[in-house]
Amino acid sequence: MTDYLEIDWLLQDDEKLVRQTARRFVKERIQPLVREAYATARFPKELVREFGELGFLGANLEGYGCAGMSNVEYGLVMQELEAADSGIRSFASVQGALVMFPIHRFGTEEQKQRWLPKLASGEKIGAFGLTEPEFGSNPAGMTTQAQPDGDGWILNGEKTWITNGGIADLSIVWARTPGGVQGFVVERGMPGYSTSDLHGKLSMRASVTSSLHFANCRVPASHVLPEAKGLKAALQCLTQARYGIGWGVIGAALDCFETARQYSITRKQFDQKPIASHQLVQEKLATMITEISKAQLLALHCGRLKDAGRLKPEQVSMLKRNNVAMALDCARTSRDLLGANGIMEEYPMMRHMANLESVKTYEGTDHIHALVIGEAVTGVAAYR
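Overview of the structure. Note that this is a predicted model, so its numbers are computed, not measured. (Residues numbered from 1 in each chain as written. Predicted model: local features only at pLDDT ≥ 70, side-chain atom pairs only at ≥ 80, totals over all residues. Heavy atoms only, no water.)

Some words on the side chain of E73
Inference 1: Locating E73 in the fold gives a position in helix 3 (residues 71–84).
Inference 2: Look at E73: it is buried, it has no salt bridge, and the nearest opposite charge is R304 at 8.0 Å.
Inference 3: In this structure, E73 is in contact with D14, E15 and V18, ignoring residues within four places of it in sequence. (Helix = DSSP H or I, 4+ residues; strand = E, 2+ residues; numbered from the N terminus. Buried < 20%, exposed > 50% of the residue type's maximum accessible area, 1.4 Å probe, protein only. Lys, Arg positive; Asp, Glu negative; His and termini not counted. Salt bridge = Lys/Arg side-chain N within 4 Å of Asp/Glu carboxyl O. Contact = heavy atoms within 4.5 Å.)

Below, the structure is given as structure tokens:
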């Protein structure tokens, strides 16, 4: 792929190796089937164990069968996966950042030993239940309740727009208790717990999206994540996932740019000259690669900050907001450069474009992240 600003010069050898491994996996195993998966709204579950074998699940976590990659290496993996499809990257992102991270960060040693190795290997699949039908950007309004009952808890409520929900063996579920918001591990098969998949999606079609239903669902005390208390804990998980998104969308943008660049060189019009010879085409390509390069530098710097323990949630908001908007612009511009061909499934732009519309919305909308940044620079909250 084009590396206009020689970003590779800033990467360490181990980071390049991780990226190359992910890129090869995408080329050999994901690209051959992603068009079919998207067209038929099928998540390629058969690849999950291979994700685990390569260390892509919970990649930046230590111990318990996790690969222990740096945060930059993890970001590069997300970039390569999303060059294939946002839905494929979302699976890995949810598994690692929203399921394995909270168990790793907030769970007991017994819980970590029980679930993390199986999640890291792909033997088990996880989901993250925070969003509700009536509460998306305002999770503080959640209505899902958990009431103490003997040596356990009774959950009632519903979560929706849950990636992996319908195929998940366990879900990290956030509910309101008499003592405040609490995180639980709810396993498939528990009485009163059921899931239903959302159909008719025109975006993220190679990904499973579901609703989780709790009707007097009994959860034993051993499934409470003891340190997962309050919305702050849930938001810590989202910060991990948003970081990965900020890297991932660069892959989608690069895939669109490379497709458009190659097409502009080979497509001939007007006296049999390649359309790349026209000023308007070059202006679009120049703008795209400039914005992609800026996004790469932003992601890499945030990765270095995260590895140094210095990355702040508001900085992740800038990463997610800027890079998703950039990728969506690149998808639209690239589609424009291909003309009518740009809408065909043979080319990836329309698929990336549709996926990125969802990525712009989930895990903090563009507007919410603008308000997070605004509060950081002014000291004044403006969420209402």
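Moving on from the model shown.
Digging into the environment of T290
Inference 1: Considering the arrangement of structural elements, one finds T290 in helix 7 (residues 279–307).
Inference 2: When its relative accessible area of 40% is taken as the criterion, T290 is described as partly exposed.
Inference 3: Residues T290 and D149, 141 residues apart in the sequence, show an inter-C-alpha distance of 58 Å.

Some remarks on the pattern of salt bridges
Inference 1: Taken as a whole and assessed by the stated rule, the structure comprises 18 salt bridges.
Inference 2: In this structure, the salt-bridge partner of R23 is E80, at a minimum N-O distance of 2.9 Å. One end of the pair, R23, is in helix 1 (residues 13–39); the other, E80, is in helix 3, with 57 residues separating them in the sequence.
Inference 3: Residue class for E80 comes out buried when judged on its relative accessible area of 3%.
Inference 4: Notably, a salt bridge pairs D336 with K284, separated by 3.6 Å at the nearest N-O pair. Of this pair, D336 sits in helix 8 (residues 313–337) while K284 sits in helix 7, and the two are 52 residues apart along the sequence.
Inference 5: For D336, a relative accessible area of 39% gives the class partly exposed.
Inference 6: Here the salt bridges share partners, and the residues they tie into one network are E36, R42 and E46.

Points about the packing of helix 3 against helix 9 (residues 349–361)
Inference 1: Packing of helix 3 against helix 9 leaves a shortest axis separation of 10 Å and a crossing angle of 125°. The orientation of helix 3 with respect to helix 9, classified from their angle, is oblique. Counting all contacts with helix 3, which are made through E82, A83 and A84, the residues of helix 9 involved are R351, H352, L356 and V359.
Inference 2: Here the contact of helix 3 with helix 9 is built from residues that sort into four nonpolar, one polar and two charged. (Axes fitted to C-alpha atoms, helices over the stretch in contact; angles between N-to-C directions. Parallel < 35°, antiparallel > 145°, perpendicular 65-115°, else oblique. Nonpolar A, V, L, I, M, F, W, Y, C, P; charged D, E, K, R; others polar.)

A closer look at the nonpolar core
Inference 1: Counting 103 residues, the largest nonpolar core has I30, F51, L81, I103 and W174 as the members making the most contacts within it.
Inference 2: Ranked by residue count, the leading element in this core is helix 6 (residues 230–266), at 17 residues.
Inference 3: Each residue touching I103, except ones within four places of it in the same chain, is listed here: Q111, K112, W115, L116, L119, L170, I172 and L225.
Inference 4: By size, the runner-up hydrophobic cluster in this structure holds 17 residues, among which are A127, A146, W153 and I162. (Core = buried A, V, L, I, M, F, W, Y, C linked by side-chain atoms within 4.5 Å.)

Regarding empty space enclosed by the protein
Inference 1: What the rule picks out here adds up to one cavity of 30 Å³ or more.
Inference 2: What the largest cavity holds in volume is close to 40 Å³.
Inference 3: Together, N60, L61, Y74, G96, A97, F101 and Q240 line the largest cavity.
Inference 4: Top contributing element to the lining of the largest cavity by residue count: helix 4 (residues 86–106), with three residues. (1 Å grid on protein atoms, 1.4 Å probe; cavity = no way out; pocket = protein on both sides within 12 Å on 5 of 7 lines; lining within 4 Å. Points joined across faces, edges and corners; volume = space filled by probe spheres on them.)

Some points on the layout of surface pockets
Inference 1: Here the largest pocket defines a volume of roughly 1400 Å³.
Inference 2: Taken together, 46 residues make up the lining of the largest pocket; nearest its centre are G136, L238, R242, E363 and G364.
Inference 3: Listing elements by their share of the lining of the largest pocket, those giving two or more residues are helix 4, strand 3 (152–163), helix 6, helix 8, helix 9 and helix 10 (366–378).
Inference 4: The greatest single-element share of the lining of the largest pocket, amounting to eight residues, is contributed by helix 6.

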